[in-house]
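Okay, here's what each chain looks like letter by letter:
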Number of protein chains: 2
Amino acid sequence: MLSYAVSTNLRAPSIVNDPWTPLGIIVSAARNAEIFAEGDHVEKVYKVIHGAVRITKLMADGRRIITGFHLPGEFFALESGSVHRFSAEAVAESTLLAIPRKAIVAKASQDGALSSQLWTMAGASLDRAQEHMLLLGRKNAVERVATFLLDMAARTGTDIDMPLPMSRQDIADFLGLTIETVSRTLTQLERDGDIALSGARKVTLTNRKRLLHLEG
Amino acid sequence: MLSYAVSTNLRAPSIVNDPWTPLGIIVSAARNAEIFAEGDHVEKVYKVIHGAVRITKLMADGRRIITGFHLPGEFFALESGSVHRFSAEAVAESTLLAIPRKAIVAKASQDGALSSQLWTMAGASLDRAQEHMLLLGRKNAVERVATFLLDMAARTGTDIDMPLPMSRQDIADFLGLTIETVSRTLTQLERDGDIALSGARKVTLTNRKRLLHLEG
DNA sequence: CGGCCCCTTGAAGACTATCAAGACTTGTGG
DNA sequence: CCACAAGTCTTGATAGTCTTCAAGGGGCCG
């Protein structure tokens, strides 16, 4: 479920100092809540305040791909078109800034810097998508998992006890593998001393150099 | 090799009537010529006039993915960033319109419609990328090849004797398969009566309904 | 006409998926 | 606070799809 709250109720510095905050409203999303679905009319652009969001696409028979995860500070649904071509769901309890597309478009038409920033963010999305196509099309299971762990570490800024907010199934659907292969690969990396798992959702990268090598 | 020609030497209606034409210059690219490489400084935006272009990413050991093909009328290298994150090469002898990024950015800052059009095109790229991630992550070989053939038919507007300008290796690198699997799958589709091959580079879709079903 | 490149086909093997069962976690209600 | 239930994760055995290795066929251009 999505619930709406007055943005001034929250006062984390990252929100208050954010130039985007006045344009939107703060929204809460429970774990696994749908933020929007494929086919929905496009109305808002989102920025993750805390939590994590997954972008998914489905096939008719239920096969699923997660095209990306979005962590705090990152935007999503920044694309054009009047209808969403993918769904967005909260991976964990999350807080989002929801900005009406109209407000952004209006501001951007007068503000060259904003316009350019939007452009840059859209380009970054495409970069990430292309990098991920390389992973999905050409990397083996170990390389995929290593890439995923290093990317998460880079984005969260943590090497030690790094939280993985998403389930094994989410990771599998992101990496184009099955849940069993993800689990087995993580176990293998742990046996090899490259990572240490503290429960299923916390990882420490104990041998970064080797992971970088495995990344391919 | 890339060679430059004066744009006024060409007079195909699609070029003359194109509002983009006056912004750029016409460039020729020989088969397999590199248009730009990963790491190159970003200077131009391109529109395919005729021929076909492939966008590629490489791994250190030579594994390659083609993230997309661009056919006449389509733009590429429309993204932000000062350095290219992928390479572009001509699949076949091609003619391109090369537009300095500066000219586009300058014009867009004054022209809301142009700005919005750029936005739309960037969004379309991301849509295609996400659809392709679904293919690479979750479809089997037959589904991948069927999807590819239907997409090419939709973009060229041809069902019969549709030319495939790219090699089997290019198709394989686009679909995340090997050249042998692509060849075998095409042969199988032909045996099943879904397509007819006239030489390796021409296909007729003889059973569209079945291909649509195979697409997944 | 010959050579080269591209494509096709065959056989064997590897990697990941599938099927199956058990262990651990987490949350809930008694 | 404990016990149970449901969901999640791990592990094992087997199977299947695609890759790899290998060789031959076909078309295009000089």
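Residues numbered from 1 in each chain as written. Chains lettered and ligands numbered in written order. Predicted model: local features only at pLDDT ≥ 70, side-chain atom pairs only at ≥ 80, totals over all residues. Heavy atoms only, no water.

### A few points about the overall build of chain A
Per the secondary structure count, chain A includes 7 helices and 10 strands. Oriented by its inertia axes, the alpha-carbon framework of chain A measures out at about 55 × 40 × 35 Å. Looking at chain A as a whole, 50% of its 216 residues qualify as buried. The long-range fraction of contacts in chain A, counting pairs at least 24 apart against all pairs at least 6 apart in sequence, stands at 70%. When the accessible area of chain A is evaluated, it comes to approximately 9800 Å², of which 54% is carbon and sulfur surface. Both charge centroids of chain A, one from 25 positive and one from 24 negative side chains, sit 0 Å from each other. (Helix = DSSP H or I, 4+ residues; strand = E, 2+ residues; numbered from the N terminus. Buried < 20%, exposed > 50% of the residue type's maximum accessible area, 1.4 Å probe, protein only. Contact = heavy atoms within 4.5 Å. Areas by Shrake-Rupley, 256 points an atom, 1.4 Å probe, with all protein chains shown as cover. Lys, Arg positive; Asp, Glu negative; His and termini not counted. Charge placed at Lys NZ, Arg CZ, Asp CG, Glu CD.)

### Focus: the environment of Val42(A)
Residues and elements named next belong to chain A. Here valine 42 is to be found in the loop between strand 3 (34-36) and strand 4 (44-58). Using a relative accessible area of 9% as the deciding quantity, one classes valine 42 as buried. For the pair valine 42 and arginine 85, spaced 43 residues apart in sequence, the C-alpha separation works out to 9.5 Å. Leave out the neighbours within four places in its chain, and valine 42 touches Gly81, Ser82, Val83, His84 and Arg101.

### So, the confidence of the model for chain A
Averaged over chain A, the pLDDT score is 92; the fraction of residues at 70 or greater is 94%. Contacts from residues 6-11 of chain A, a stretch scored under 50 in pLDDT, to residues over four places away or in other chains number 5 contacts. (pLDDT = per-residue confidence, 0-100.)

### Quick word on the pattern of salt bridges
Taken as a whole and judged by the stated rule, the model has 30 salt bridges over all chains. Residues Asp170(A) and Arg64(A) are paired through a salt bridge, measuring 2.8 Å at the closest nitrogen-oxygen approach. Highlighted residues: Asp170(A) in helix 5 (residues 168-175) and Arg64(A) in strand 5 (residues 64-70), separated in sequence by 106 residues. Among the residues examined, Asp170(A) registers a relative accessible area of 5% and is labelled buried. On the basis of relative accessible area, Arg64(A) is assigned to the buried category, the value being 16%. When the shortest N-O distance is used, the salt bridge between Asp159(B) and Arg208(B) registers 2.9 Å. Residue Asp159(B) is found in the loop between helix 4 (141-156) and strand 8 (162-163), and its partner Arg208(B) is found in helix 7 (residues 208-214); the two are separated by 49 residues along the sequence. Classification of Asp159(B) by relative accessible area gives partly exposed; the value is 28%. The class of Arg208(B) is partly exposed, set by a relative accessible area of 33%. Connected through salt bridges with shared partners, the residues Arg54(A), Arg64(A), Glu89(A), Asp170(A), Asp173(A) and Arg138(B) form a single ionic network. (Salt bridge = Lys/Arg side-chain N within 4 Å of Asp/Glu carboxyl O.)

### Digging into the protein's contact with DNA strand C
Around DNA strand C, the surrounding shell holds 17 residues, and the nearest of these are Ala141(A), Thr181(A), Arg168(B), Ser183(B) and Thr187(B). When the atoms of DNA strand C within 4 Å of the protein are sorted by group, sugar and phosphate make up 65%. Between DNA strand C and Arg201(B), the relevant distance is 2.8 Å, taken from a phosphate oxygen to a side-chain nitrogen or oxygen of the residue. Of all the secondary-structure elements, those providing two or more residues to the surface near DNA strand C are helix 6 (179-191) of chain A together with helix 6 (179-191) of chain B. With 4 residues, the single largest contributor to the surface near DNA strand C is helix 6 of chain B. Residue composition of the surface near DNA strand C, by class: 3 nonpolar, 7 polar and 7 charged. (Near = heavy atom within 4 Å. Polar contact = N/O pair within 3.5 Å; in protein donor to acceptor, adjacent residues only side chain to side chain. Nonpolar A, V, L, I, M, F, W, Y, C, P; charged D, E, K, R; others polar.)

### Points about the interface of chain A and chain B
Interface size, as often reported, equals the accessible area lost upon joining of the parts. Across the boundary between the two partners, chain A contributes 40 residues, which contact 40 residues of chain B. Interface area lost by chain A to chain B is led by Trp119(A), Met133(A) and Arg138(A), which between them contribute 23%. On the surface where chain A and chain B come into contact, there are 8 salt bridges. Residue Arg85(B) pairs with Asp127(A) through a salt bridge whose shortest N-O separation is 3.5 Å. Taken together, the connections running from chain A to chain B amount to 18 residue pairs in polar contact (both at pLDDT 80 or more). Elements represented by at least two residues in the side of chain A that touches chain B include exactly strand 4, strand 5, helix 3 (112-138) and helix 5 of chain A. The biggest single contributor to the side of chain A that touches chain B is helix 3 of chain A, with 18 residues. Tallied by class, residues from the side of chain A that touches chain B come to 16 nonpolar, 12 polar and 12 charged. (Buried area = accessible area lost by both parts, 1.4 Å probe.)

### Considering the protein's contact with DNA strand D
Around DNA strand D, the surrounding shell holds 17 residues, and the nearest of these are Arg168(A), Arg184(A), Thr187(A), Ala141(B) and Thr181(B). The sugar and phosphate moieties of DNA strand D supply 63% of its atoms located within 4 Å of the protein. The separation between a phosphate oxygen of DNA strand D and a polar side-chain atom of Arg168(A) is 2.7 Å. Arg184(A) is positioned such that a nitrogen or oxygen atom in its side chain is 2.7 Å from a base nitrogen of DNA strand D. Contributions of two or more residues to the surface near DNA strand D are made by helix 6 of chain A together with helix 6 of chain B. At 4 residues, helix 6 of chain A tops the list of elements feeding residues into the surface near DNA strand D. Grouping the amino acids of the surface near DNA strand D by side-chain chemistry returns 3 nonpolar, 7 polar and 7 charged.

### Digging into unusual backbone geometry
In this structure, Asn32(A) takes a positive phi of about 70° despite not being glycine. Among the structural elements, Asn32(A) can be located in the loop between strand 2 (25-29) and strand 3. Although it is not a glycine, Ala77(B) sits at a positive phi angle of roughly 65°.

### A few points about the packing of aromatic side chains
All names here are of chain A. Counted according to the given criterion, the structure contains 16 aromatic pairs over all chains. Judged by centre distance (5.2 Å) and plane angle (10°), the ring pair of tyrosine 46 and phenylalanine 76 falls under stacked. With tyrosine 46 in strand 4 and phenylalanine 76 in strand 6 (residues 75-76), this residue pair connects regions lying 30 residues apart in the sequence. Among the residues examined, phenylalanine 76 registers a relative accessible area of 2% and is labelled buried. Within the aromatic cluster, the residues linked to one another by ring pairs are Phe36, Tyr46, Phe76 and Phe86. (Phe/Tyr/Trp six-rings, centres within 6.5 Å; stacked < 30°, edge-to-face > 60°.)

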